[in-house]
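The chain contents come next:
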Amino acid sequence: MSSSFRALVATQVDGKTQLDFQNLTTAQLPPGDVLIEVAYSSLNYKDGLCVTGKPGVMRSFPMVPGIDLAGKVVESSTDEFVPGDSVVLTGGGLAETHWGGYSKFARVKKDYLVNLPAGLSAKQAMAIGTAGFTAMQCVLALEKHGVVPGSKEVVVTGSAGGVGSVAVTILSKLGYRVVASTGRADTADYLRSLGAAEVIDRGIFTAEAKRPLDTERFAGAVDTVGGTTLAGVLRSISYRGAVACCGLAGGSNLPTTVLPFILRGISLLGIDSVRAPQPERAEVWSRLAADLPLEQLDAITTVHPLSDIVNMGSQILAGQVRGRAVVDVNA
Ligand SMILES: NC(=O)c1ccc[n+]([C@@H]2O[C@H](COP(=O)([O-])OP(=O)(O)OC[C@H]3O[C@@H](n4cnc5c(N)ncnc54)[C@H](OP(=O)(O)O)[C@@H]3O)[C@@H](O)[C@H]2O)c1
């Protein structure tokens, strides 16, 4: 494996992050248990931060961005994976402390690596990626809390984005009545095609609150936005309902009161995908394989060459990417 390959590499010069395509050899990859020939990566909000040189994700340099990857095992020092295995890795420190998926080869630790579920291609696994994985974690959290189909409606915020699109798709497939909240009115037909029963403008949640509690409309919510949106959602959750809180696309602050919690007994369920342990990963992937219709997944997915990643990163930060973007690391 001595021939060189292309990778996107972030370095810091005078405190500023720079990104360049470099030719590397596998000997230059950091140590790990498994060498993978990467077929596809994906684009998530965090990837947008990395490839535009923004702080908050990459914690050491040089760093190869790309928080997700899927491909085939080439070399392995553990019995758990053998050459030829099709594998997927989402989060687990990729692009934070460990070189990630925007590279033709990656050497990773085995801890968060998962065998690709039967029936899923590497491209489909990356169409799911961290965003889809997180969406399913949110659905599982709501289920475990007792928010089940047939109860009141559930609302998904940031619904035209990656996490949101997959959450709408899964929840509606499972029989929930899904309300999709979006700031992009032109995505209404798209969201209905994913199964949303109703599409609402996100301004409903961000409008100045007249009362600390609103009508008890929703049994549960998947919130990818945070900030005043999450505060508005909390005011609208019905007695003993729950919100799976996973994102901050609209801000990391939470201007709320304790009233939804102490008067309605609602729960705020924190969702983290990065350090999800192996048993949870296995459960999430198995439920994704069972409950995410692949034709719907294909319909929300676009494929982009790695060479265009910086442009795509700017678009996702501007809230302009619809659904999921797969990254072809060979293009
Ligand atoms: N906890 C975890 O482990 C985890 C995992 C994955 C992602 N996340 C977080 O989840 C969020 C969504 O990730 P993603 O990959 O789905 O990103 P995305 O594709 O960019 O989707 C985010 C969506 O949020 C909405 N939005 C964007 N800017 C907004 C603003 N200023 N105010 C209100 N809404 C806004 C937009 O939806 P509309 O156009 O429909 O309004 C946008 O499509 C991000 O904050 C990401 O960091 C967390």
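Going along each chain's sequence as written, the residues are numbered from 1 onward. This being a predicted model, a pLDDT of at least 70 is required before a residue's local features are given, and a value of 80 or more before pairs of side-chain atoms are given or counted; all residues contribute to the totals for chains, interfaces and linings. Side-chain figures throughout are based on the complete set of non-hydrogen atoms in the structure, without hydrogens or water.

What to know about the pattern of salt bridges
For step 1, the next point in the chain: Salt bridge criterion: a side-chain nitrogen from Lys or Arg within 4 Å of a carboxyl oxygen from Asp or Glu. As enumerated under the stated definition, the model contains 14 salt bridges in all.
For step 2, the next point in the chain: In this structure, K46 and E96 form a salt bridge, with 2.8 Å as the shortest nitrogen-oxygen distance. In this pair, K46 sits in helix α1 (residues 45-51) while E96 sits in the loop between β5 (86-90) and β6 (105-108), placing the two residues 50 residues apart along the sequence.
For step 3, the next point in the chain: Assessed through its relative accessible area of 25%, K46 is described here as partly exposed.
For step 4, the next point in the chain: In this structure, E216 engages R264 in a salt bridge whose closest nitrogen and oxygen atoms are separated by 3.7 Å. With E216 in the loop between α5 (203-206) and β11 (218-223) and R264 in helix α7 (residues 259-264), the pair connects residues that are 48 residues apart, well separated along the chain.
For step 5, the next point in the chain: Accessible area is worked out with a 1.4 Å probe on protein chains only. A residue is then buried under 20% of its type maximum, exposed over 50%, and partly exposed in between. Its relative accessible area of 32% is what places E216 among the partly exposed residues.
For step 6, the next point in the chain: Counted as one network, the salt bridges with shared partners bring together E153, R177, E198 and R217. Secondary structure is summarised from DSSP: a helix means a run of H or I of at least four residues, a strand means a run of E of at least two, and numbering begins at the N terminus for each.

Some thoughts on the domain arrangement of the protein
For step 1, the next point in the chain: Start and end points for every domain follow an automatic or database-based domain assignment. You can read the domains of the protein as domain 1 (5-116 + 300-328) and domain 2 (130-270).
For step 2, the next point in the chain: Measuring from the centre of the C-alpha atoms in domain 1 to the corresponding centre in domain 2 gives 29 Å.
For step 3, the next point in the chain: Contacts are residue-level and defined by heavy atoms, with any inter-residue pair within 4.5 Å sufficient. At the junction of the two partners, domain 1 supplies 13 residues and domain 2 supplies 14 residues.
For step 4, the next point in the chain: Across the domain 1 to domain 2 interface the summed buried area is about 980 Å²; carbon plus sulfur atoms make up 57%.
For step 5, the next point in the chain: If you look at where domain 1 meets domain 2, you find zero salt bridges.
For step 6, the next point in the chain: Think of a polar contact as two N or O atoms within 3.5 Å of one another; within protein, one of them needs to be a possible hydrogen donor and the other a possible acceptor, and neighboring residues in sequence only count if both atoms come from side chains. Across the domain 1-domain 2 interface, the total number found is five residue pairs in polar contact (both at pLDDT 80 or more). Buried area counts how much accessible surface, traced with a 1.4 Å probe, disappears from two parts once they are put together, with both parts' losses summed.

Here we look at the site of the ligand
For step 1, the next point in the chain: The nearness test applies per residue and asks whether one of its heavy atoms lies within 4 Å of the molecule or strand. Close contacts around the ligand come from 25 residues, with T182, G183, R184, C246 and S273 the closest.
For step 2, the next point in the chain: Between the ligand and A160, the relevant distance is 3.0 Å, taken from an oxygen atom to a main-chain nitrogen or oxygen of the residue.
For step 3, the next point in the chain: Here an oxygen atom of the ligand sits 3.4 Å away from a polar atom, N or O, in the main chain of G161.
For step 4, the next point in the chain: Relative to its unbound accessible area of 910 Å², the ligand is 87% covered by the protein chains.
For step 5, the next point in the chain: Under the convention adopted here, Pro, Cys and the residues Ala, Val, Leu, Ile, Met, Phe, Trp and Tyr are nonpolar, Asp, Glu, Lys and Arg are charged, and Gly plus all remaining residues are polar. In terms of residue class, the shell around the ligand is made up of nine nonpolar, 13 polar and three charged.
For step 6, the next point in the chain: Each of domain 1 (5-116 + 300-328) and domain 2 (130-270) contributes no fewer than three residues to the shell around the ligand. Surface exposure here means Shrake-Rupley accessible area, sampled with a 1.4 Å probe, where a residue is shielded only by the protein chains that are shown.

Topic: the side chain of S165
For step 1, the next point in the chain: Structurally, S165 is set in helix α3 (residues 162-173).
For step 2, the next point in the chain: We classify S165 as buried; its relative accessible area is 0%.
For step 3, the next point in the chain: From its side chain, S165 meets the backbone oxygen of G161 in a polar contact 2.7 Å long.
For step 4, the next point in the chain: With sequence-adjacent residues up to four places away left out, S165 is seen in contact with S159, A160, Y190, L194, I300 and G323.

Regarding the pairing of strand β3 (residues 34-43)
For step 1, the next point in the chain: Among the 10 residues of β3, eight are classified as buried, and the element is accordingly described as predominantly covered.
For step 2, the next point in the chain: Examined bridge by bridge, β3 and strand β4 (residues 68-76) share six bridges and lie antiparallel to one another. Within the sheet, the bridge partner assigned to I36 lies in β4 and is V73.
For step 3, the next point in the chain: Here β3 pairs with β6 via four bridges, running antiparallel. Pairing of L35 across the sheet is with R107, part of β6.
For step 4, the next point in the chain: Pairing between strands is defined by DSSP: at least two bridges between the two strands are required. In terms of strand pairing, β3 meets strand β15 (residues 324-328) through four bridges, oriented antiparallel. Opposite Y40, over in β15, you have D328 as the bridge partner.

With respect to the packing of aromatic side chains
For step 1, the next point in the chain: Only rings of Phe, Tyr and Trp enter the pairing, Trp through its six-membered ring, and a pair is recorded when the two centres are within 6.5 Å. The plane angle decides the type: under 30 degrees is stacked, over 60 is edge-to-face, the rest tilted. Applying the stated criterion across every chain yields a total of three aromatic pairs.
For step 2, the next point in the chain: Measuring from centroid to centroid gives 6.2 Å for F133 and W285, while their planes differ by 50 degrees, and the two rings are tilted. Residue F133 is located in helix α2 (residues 122-145), and its partner W285 is located in helix α8 (residues 278-291); the two are separated by 152 residues in the primary sequence. Residue F133 shares its accessibility class with W285, and that shared class is buried.

Observations concerning α2
For step 1, the next point in the chain: Any helix carries an expected span of 1.5 Å times its number of residues minus one. The end-to-end C-alpha distance of α2, which contains 24 residues, comes to 32 Å, matching closely the 34 Å that a straight helix rising 1.5 Å per residue would cover.
For step 2, the next point in the chain: At any given residue, the bend is defined as the angle formed between two axes, one fitted to the seven residues that end at that position and one fitted to the seven that begin there. Helix geometry: α2 is bent most strongly at G129, by close to 65 degrees.
For step 3, the next point in the chain: For α2, the buried fraction is high: 20 of the 24 residues fall into the buried class.
For step 4, the next point in the chain: Phi for G146, located one or two positions after α2, is positive at around 100 degrees.

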